[in-house]
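Below, each chain spelled out in residue letters.
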Amino acid sequence: MDGDILPCLDAAAFLRLWQRFDADDNGYIEGKELDNFFHHLLRTMGCESTMTKEKIQKVKERFMSAYDVTADGRLQIQELANMLLSEDENFLLLFRRETPLDNSVEFMRIWRQYDADSSGFISAGELKNFLQDLFRQHRKTISDAKLQEYTDTMMKLFDKNKDGRLDLNDLARILALQENFLLQFRLDASSTEERKRDFEKIFAHYDVSKTGALEGPEVDGFVKDMMELVKPSISATDLDKFRQILLRHCDMNKDGKIQKSELALCLGIKISP
């Protein structure tokens, strides 16, 4: 829609535009920011002489109906990229999934793979490796210069505290990790049957390998979601500390895994042998 009259941006220009209109740096263009953006868009399209509040509102409604896929009245980074970047230039398409990333186990597998030095952060070099692997998975070729440009752009878009590296929360924004799975369960479930039923669902969710034991990123994913119930923003250091505590208390046979029976015992839930 309107692709022939929209300005065509490269990654660097897209970054400048995003930073200009996401004035409060909350990851969305919304409210007055959105009005200012569409005013700028019309001016860029050469419509300055006919620009009125009514025309800006009409254009806003037209484009939002086409690109605001979440229908929340605001533009996310990916939605704006779909609007203004060509398919060849839209590096954010690499992160678009057929289904949302709704399991913290897969998220933590990615985190452990690319935090190669186990520093608790994704450095620019590690992010570059991640992007390079994504391009390969999508069977796309890319020059070293373009890969570096995309890496720099991603870092500037998602590195919220501007320390030149990404933390767990930054990567969760990039990968559009869905709502914490554990939020759907009542912490105060009173009956034994309710608690047992919830435990079965929870264990099955994190036991991605279906081995009857949580290990590696499965433990990480469970720990991440547990911690975020009480602390919305956690660091990799926090996660590693709590992971060790959980293993110390629940891994009865010290095999580095948490068997279903071990976790049930830790949580005070009786399950059938």
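Residues numbered from 1 in each chain as written. Predicted model: local features only at pLDDT ≥ 70, side-chain atom pairs only at ≥ 80, totals over all residues. Heavy atoms only, no water.

The chain goes by Secretagogin in an unreviewed UniProt entry, where it is assigned to Pogona vitticeps. On record in UniProt, under Subcellular location (unreviewed entry), the comment for the chain is "Cytoplasm". (UniProt positions renumbered as here; feature names shortened; annotations may be inferred.)

K.L.:
How should I be thinking about the packing of aromatic side chains in this particular structure?
P.N.:
For any two aromatic rings, the description comes down to two numbers: the centre-to-centre distance and the angle of the planes. Under the definition given, this model contains 10 aromatic pairs. Taking the centre distance of 6.2 Å and the plane angle of 35° together, the rings of Phe-38 and Phe-63 count as tilted. You can see Phe-38 sitting in helix 2 (residues 32-44) and its partner Phe-63 sitting in helix 3 (residues 53-67), a full 25 residues away along the chain. Residue class for Phe-38 comes out buried when judged on its relative accessible area of 0%. The class for Phe-63 is buried, based on a relative accessible area of 1%. When the ring of Phe-63 is compared with that of Tyr-67, the centres are 6.2 Å apart and the planes differ by 15°; the resulting orientation is stacked. With Phe-63 and Tyr-67 both in helix 3, this residue pair falls 4 residues apart, about one helical turn. Its relative accessible area of 13% is what places Tyr-67 among the buried residues. Members of the aromatic cluster, joined through ring pairs, are Phe-21, Phe-37, Phe-38, Phe-63 and Tyr-67. (Phe/Tyr/Trp six-rings, centres within 6.5 Å; stacked < 30°, edge-to-face > 60°. Helix = DSSP H or I, 4+ residues; strand = E, 2+ residues; numbered from the N terminus. Buried < 20%, exposed > 50% of the residue type's maximum accessible area, 1.4 Å probe, protein only.)

K.L.:
What is the right way to look at the pattern of salt bridges in this model?
P.N.:
Working definition: two side chains of opposite charge can pair if their charged atoms are close together. Taken as a whole and assessed by the stated rule, the structure comprises 16 salt bridges. Note that Lys-260 and Glu-200 form a salt bridge whose closest N and O atoms lie 2.6 Å from each other. One end of the pair, Lys-260, is in helix 12 (residues 260-267); the other, Glu-200, is in helix 9 (residues 192-206), and 60 residues separate them in sequence. The class of Lys-260 is partly exposed, set by a relative accessible area of 26%. On the accessibility criterion, Glu-200 (30% relative accessible area) is partly exposed. The residue Asp-220 makes a salt bridge to Arg-243 at a minimum N-O spacing of 2.6 Å. With Asp-220 in helix 10 (residues 217-228) and Arg-243 in helix 11 (residues 236-250), this pair connects stretches of sequence that are 23 residues apart. For the residue pair Asp-220 and Arg-243, the accessibility class agrees, reading buried in each case. Each of Arg-112, Asp-220, Asp-240 and Arg-243 takes part in one network of salt bridges that share partners. (Salt bridge = Lys/Arg side-chain N within 4 Å of Asp/Glu carboxyl O.)

K.L.:
I'm lost on the packing of helix 1 (residues 11-21) against helix 7 (residues 144-158) in this one. Help?
P.N.:
When two helices pack together, their arrangement is given by the angle between their axes and by how far apart the axes lie. Between helix 1 and helix 7, whose axes approach to 9 Å, the crossing angle comes to 10°. When the interaxial angle is binned, helix 1 and helix 7 end up roughly parallel. Counted together, Ala-11, Ala-12, Phe-14, Leu-15, Trp-18 and Gln-19 of helix 1 and Glu-149, Tyr-150, Thr-153, Lys-156 and Leu-157 of helix 7 form the full contact between these two elements. Taken together, the residues that form the contact of helix 1 with helix 7 break down as 7 nonpolar, 2 polar and 2 charged. (Axes fitted to C-alpha atoms, helices over the stretch in contact; angles between N-to-C directions. Parallel < 35°, antiparallel > 145°, perpendicular 65-115°, else oblique. Contact = heavy atoms within 4.5 Å. Nonpolar A, V, L, I, M, F, W, Y, C, P; charged D, E, K, R; others polar.)

K.L.:
What exactly am I supposed to notice about the state of the cysteines here?
P.N.:
As used in these notes, a disulfide is a covalent bond between sulfur atoms, one from each of two cysteines. What the rule picks out here adds up to 1 disulfide. Between the sulfur atoms of Cys-250 and its disulfide partner Cys-266 the distance amounts to 2.1 Å. Classification of the bridge connecting Cys-250 and Cys-266 rests on its S-S torsion, roughly -125°, and on that basis the disulfide is left-handed. Of this pair, Cys-250 sits in helix 11 while Cys-266 is found in helix 12, placing the two residues 16 residues apart along the sequence. Using a relative accessible area of 32% as the deciding quantity, one classes Cys-266 as partly exposed. (Disulfide = S-S within 2.5 Å.)

K.L.:
What should I look at first to understand the environment of Gly-31 in this one?
P.N.:
On the secondary structure map, Gly-31 appears in the loop between strand 1 (28-29) and helix 2. A residue is classified by how much of its surface remains accessible, and Gly-31, at 44% relative accessible area, is partly exposed.

K.L.:
Is there a simple way to explain helix 6 (residues 124-137) in this structure?
P.N.:
The α-helix advances 3.6 residues per turn, and as a result positions three or four apart in sequence lie on the same side. Spanning 14 residues, helix 6 covers 20 Å between terminal C-alpha atoms, matching the ideal 20 Å at 1.5 Å per step. By the burial criterion, the buried members of helix 6 are Glu-126, Leu-127, Phe-130, Leu-131, Leu-134 and Phe-135. Where helix 6 is buried, its residues meet helix 5 (104-114), strand 3 (122-123), helix 7, strand 4 (165-166) and helix 8 (168-174). Where helix 6 terminates, the next one or two residues include Arg-139, which has phi positive at roughly 55°. (Expected span 1.5 Å × (residues − 1).)

K.L.:
Would you explain the UniProt feature "domain: EF-hand" (unreviewed entry) in the chain in this entry?
P.N.:
When the UniProt feature table is mapped onto this chain numbering, "domain: EF-hand" (unreviewed entry) sits at residues 9-44, 102-137, 146-181, 194-229 and 237-273. As annotated, residues 102-137 has a helix share of 69% and a strand share of 6%, and its two end C-alpha atoms lie 20 Å apart. When the span residues 146-181 is considered, its composition is 56% helix and 6% strand, and the gap between its end C-alpha atoms is 37 Å.

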